[in-house]
Amino acid sequence: MKPMSMLFSPTPFRNTTARNRLWLAPMCTYSAVQEDGHATDWHTLHYGSRAVGGFGTIVVEATAVSPEGRISPRDLGLWDDRQIESFSKLVKAVHAEGALCGVQIAHAGRKAGTSPALRGYAHAFEGTQDGWTLVAPSPIAFPGLDKPSELDAASIDALVEAFAQAARRAVAAGVDVVEVHGAHGYLIHEFLSPLSNVRTDEYGGSEENRRRFLIRIVDAVRSAIGDKVLCVRLSATDWTEGGIDSEATCRTAEALVAHGVDVLHVSSGGLLPASIPVGPGYQLPLAADVKRAVSGSQAKVVGVGLISSGEQAEQALVTGRCDAVAIGRVALTDPYAPLRWANRLTDADSVMPAQYWRGIWA
Ligand SMILES: Cc1cc2nc3c(=O)[nH]c(=O)nc-3n(C[C@H](O)[C@H](O)[C@H](O)COP(=O)(O)O)c2cc1C
């Protein structure tokens, strides 16, 4: 009899339950080949096979809330009702294999309009594509990219609405979880960090002001998605003097939970090139800080970053650093990692598809 595993025990999120605590981290695949933001058969296969592979919650890659908010022309998008149908195919495939499906809604801000980070293209941050207009809280360029123009109040209102509409479309496509991308140096993070936001109006200056854009988005998205799970991904630190640190992020997390956020997905970096002490589980202490900060609430915390074995993921959970673990790069080449991990850590019945049962000897 194999032991109980926290990793492979079901987790409740708001009004739904994931079959285990493994999330597929959102990862851009730059595969909207028609440059129209539509999901293709390839996306359905890619995400569907990771659901077959045993992930409990699949988060679809950064999906733009407006065409100019795409990281590259080949990003997915939910800025138009006509995009809903292609997403619903993908969501159905994920559900059919027993996983919850989320989508990460995003605006790339001053880091929009780069090359798709695929082999055969220029390096992603070699420059802004010709004709792409960048927007940001302040006219401060990301190194190597074009200078963005400063968003005015009316454009900020329109972007809040764009996030809400994209969230509505995600729910229309059937998702269980909407993840707002507030990390990695994209638009929301640019508002949060004093290194990229030097505004003097109600969106700049104090921590509360810099948080206002995100809080408005969260309120608008919550109204648009009803009782679905609302997650926010944050970069807990800029790894740069004068930027966001874990303490500021904990205060942001508390504010988000007070505004109805169910899950905090704790990542880091991306605002500026920085020296990051990368190593196994290097972001888990940041997740643990956020977990402590929201411990008096129902909110859940997802940890991520160089977690590459079931044992390591299990340890992150049993030591109380987070409530769920997201896996990125390992899952690019190994969609079935959860099946093998389950087989080592516990009885694999919860995730092993009937068709693969005889693979259990491996
Ligand atoms: C190819 C690739 C694409 C990514 N795209 C996204 C994305 O769309 N949204 C996001 O928040 N993070 C993105 N990330 C970051 C991952 O979600 C994850 O946080 C990171 O890879 C660290 O986890 P890992 O060590 O398990 O890979 C991406 C990472 C990779 C490798």
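Residues numbered from 1 in each chain as written. Predicted model: local features only at pLDDT ≥ 70, side-chain atom pairs only at ≥ 80, totals over all residues. Heavy atoms only, no water.

- An unreviewed UniProt entry annotates the chain as Oxidoreductase originating from Peptidiphaga gingivicola.
- Taken verbatim from the UniProt record of the chain, the Cofactor (unreviewed entry) comment is "FMN". (UniProt positions renumbered as here; feature names shortened; annotations may be inferred.)

Thoughts on the overall build of the chain
Right, on to step 1. When you go through the chain residue by residue, the secondary structure sums to 10 helices and 13 strands.
Right, on to step 2. Whereas a compact globule of 362 residues would reach a radius of gyration of roughly 21 Å, the chain reaches 19 Å, a difference of no more than 12%.
Right, on to step 3. C-alpha atoms of the chain, sized along the principal axes, occupy 60 × 45 × 40 Å.
Right, on to step 4. Here the chain, with 362 residues, has 59% of them falling under the buried criterion.
Right, on to step 5. Taking as baseline every contact in the chain between residues at least 6 positions apart, the subset at least 24 positions apart corresponds to 71%. (Helix = DSSP H or I, 4+ residues; strand = E, 2+ residues; numbered from the N terminus. Rg over C-alpha atoms; globule rule 2.2 N^0.38 Å. Buried < 20%, exposed > 50% of the residue type's maximum accessible area, 1.4 Å probe, protein only. Contact = heavy atoms within 4.5 Å.)

Focus on the nonpolar core
Right, on to step 1. Counting 87 residues, the largest nonpolar core has Ile 105, Val 180, Phe 213, Leu 214, Val 221, Leu 256 and Leu 264 as its most contacted members.
Right, on to step 2. No other element matches the eight residues that helix α3 (residues 153–172) contributes to this core.
Right, on to step 3. Excluding its chain neighbours within four sequence positions, the residues that come into contact with Ile 105 are Thr 63, Val 65, Phe 163, Ala 166, Ala 167, Val 178, Glu 179, Val 180, His 181 and Val 221.
Right, on to step 4. Membership of the second largest hydrophobic core comes to 14 residues, among which are Phe 13, Ala 18, Val 177 and Ala 324. (Core = buried A, V, L, I, M, F, W, Y, C linked by side-chain atoms within 4.5 Å.)

What to know about the packing of helix α1 (residues 41–52) against helix α2 (residues 84–96)
Right, on to step 1. One can describe the packing of α1 onto α2 by two numbers: an axis separation of 8 Å at closest approach and a directional angle of 20°. By the criterion of interaxial angle, the relationship of α1 to α2 is roughly parallel. Relative to α2, the crossing made by α1 is right-handed. Here Asp 41, His 43, Thr 44, Tyr 47, Gly 48 and Ala 51 of α1 lie close against α2, whose contacting residues are Lys 89, Leu 90, Ala 93 and Val 94.
Right, on to step 2. Broken down by class, the residue content of the contact of α1 with α2 amounts to five nonpolar, three polar and two charged. (Axes fitted to C-alpha atoms, helices over the stretch in contact; angles between N-to-C directions. Parallel < 35°, antiparallel > 145°, perpendicular 65-115°, else oblique. Left-handed = near helix turned anticlockwise from the far one by under 90°. Nonpolar A, V, L, I, M, F, W, Y, C, P; charged D, E, K, R; others polar.)

Thoughts on the layout of surface pockets
Right, on to step 1. In this structure, the largest pocket spans a volume of roughly 1,200 Å³.
Right, on to step 2. In terms of lining, the largest pocket is formed by 40 residues, of which the most central are Pro 26, Met 27, His 184, Arg 233 and Arg 329.
Right, on to step 3. At the level of elements, β13 (324–327) and α9 (330–333) are the ones that each hand at least two residues to the lining of the largest pocket. (1 Å grid on protein atoms, 1.4 Å probe; cavity = no way out; pocket = protein on both sides within 12 Å on 5 of 7 lines; lining within 4 Å. Points joined across faces, edges and corners; volume = space filled by probe spheres on them.)

Overview of the pattern of salt bridges
Right, on to step 1. Taken as a whole and assessed by the stated rule, the structure comprises 16 salt bridges.
Right, on to step 2. Salt-bridge contacts for Glu 179 lead to Arg 233; the nearest nitrogen and oxygen are separated by 3.9 Å. With Glu 179 in strand β9 (residues 177–182) and Arg 233 in strand β10 (residues 229–235), this residue pair connects regions lying 54 residues apart in the sequence. Accessibility classification places Glu 179 together with Arg 233 in one group, the buried group.
Right, on to step 3. We note a salt bridge from Arg 292 to Asp 289, for which the minimum N-O separation is 2.5 Å. (Salt bridge = Lys/Arg side-chain N within 4 Å of Asp/Glu carboxyl O.)

Overview of α2
Right, on to step 1. Spanning 13 residues, α2 covers 18 Å between terminal C-alpha atoms, matching the ideal 18 Å at 1.5 Å per step.
Right, on to step 2. The set of residues buried in α2 consists of Ile 84, Ser 86, Phe 87, Ser 88, Leu 90, Val 91 and Val 94.
Right, on to step 3. Considering only its buried residues, α2 is in contact with α1, β4 (57–64), β5 (76–77), β6 (100–106) and α3. (Expected span 1.5 Å × (residues − 1).)

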